[in-house]
Amino acid sequence: MPLDRIDIAILDTLQQDGRISNAALAEKAGLSQSACSRRLDNLEKTGVIRGYHAQLSNAALGHRMTVIVHISLTGQFEKTLTEFEAAVKRCPNILSCHLMSGEYDYILRIAARDLEDYERIHKEWLTGMPHVIKINSSFALREVIDRTAIGIRPEMA
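Report follows, based on the coordinates. Keep in mind that what you see is a predicted model, and the values were worked out from it rather than measured.

1. Section: the overall build of the protein
And then number 1: Check the secondary structure of the protein and you find five helices and four strands.
And then number 2: The order of α-helices and β-strands along the protein, N terminus first, is α-α-α-β-α-β-β-α-β.
And then number 3: Here the C-alpha radius of gyration of the protein, 20 Å, is well above what a compact globule of 157 residues would show, namely 15 Å.
And then number 4: Projected onto its principal axes, the C-alpha positions of the protein cover 55 × 40 × 25 Å.
And then number 5: A burial count over the protein gives 30% of its 157 residues as buried.
And then number 6: Expressed as a percentage of contacts within the protein between residues at least 6 apart in sequence, the contacts between residues at least 24 apart total 64%.
And then number 7: When the accessible surface of the protein is totalled, it reaches about 10,500 Å², and 51% of it is carbon and sulfur.
And then number 8: Charged side chains in the protein number 19 positive and 20 negative. The centres of these two groups are separated by 2 Å.

This is how it looks when you write it as structure tokens:
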């Protein structure tokens, strides 16, 4: 969907403050409230806006460890990928999962309370997932950036 400068202004504003009122958003975008509401509905319907979320602190919730896990499967047949992805979706500690090209089939980002908790996740979840033949875990020393906003430029629109 092509985005114009008004759509970009709406998206930029929402990325900074997802709880902004329609009246305030309309003012920032230079629109009437009804026109802003229609634009917002269109951005949601076309999938440009996928949802609105609170960004929680894993550390504040007791999950102080981030683990990046590289997974190799027995192959990349459709059935293999589908079964593995279904298993990944059931594990509440897996924050993100990406199908990759290259040496590993998937990269997971996992939140754990500590090393013992990650060991539990490894034993109870990861090793039991279908078609897994190799698990390589790396532990984040510190988070440098966790960006939730993407820069939107007119040439992207």
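Structure shown, so let's carry the discussion forward.
2. As for the packing of helix H2 (residues 22–29) against helix H3 (residues 33–45)
And then number 1: Relative to each other, H2 and H3 sit at 95 degrees, their axes nearing to 9 Å. The orientation of H2 relative to H3 falls into the category roughly perpendicular. Residue-level inspection shows Asn22, Ala23, Leu25 and Ala26 of H2 in contact with H3, the latter providing Gln33, Cys36, Ser37 and Leu40.
And then number 2: Classifying every residue of the contact of H2 with H3 by side-chain character gives five nonpolar, three polar and no charged.

3. Observations concerning the pairing of strand E2 (residues 94–99)
And then number 1: Note that E2 and strand E3 (residues 106–112) share five bridges and pair antiparallel. When the sheet's bridge partners are listed, Leu99 is paired in E3 with Tyr106.
And then number 2: The turn joining E2 and E3, which pair antiparallel and follow one another in sequence, is formed by six residues; a positive phi near 100 degrees is taken by Gly102.

Here is what the cut-offs are and how they apply
Residues numbered from 1 in each chain as written. Predicted model: local features only at pLDDT ≥ 70, side-chain atom pairs only at ≥ 80, totals over all residues. Heavy atoms only, no water. Helix = DSSP H or I, 4+ residues; strand = E, 2+ residues; numbered from the N terminus. Rg over C-alpha atoms; globule rule 2.2 N^0.38 Å. Buried < 20%, exposed > 50% of the residue type's maximum accessible area, 1.4 Å probe, protein only. Contact = heavy atoms within 4.5 Å. Areas by Shrake-Rupley, 256 points an atom, 1.4 Å probe, with all protein chains shown as cover. Lys, Arg positive; Asp, Glu negative; His and termini not counted. Charge placed at Lys NZ, Arg CZ, Asp CG, Glu CD. Axes fitted to C-alpha atoms, helices over the stretch in contact; angles between N-to-C directions. Parallel < 35°, antiparallel > 145°, perpendicular 65-115°, else oblique. Nonpolar A, V, L, I, M, F, W, Y, C, P; charged D, E, K, R; others polar. Pairing = 2+ DSSP bridges.

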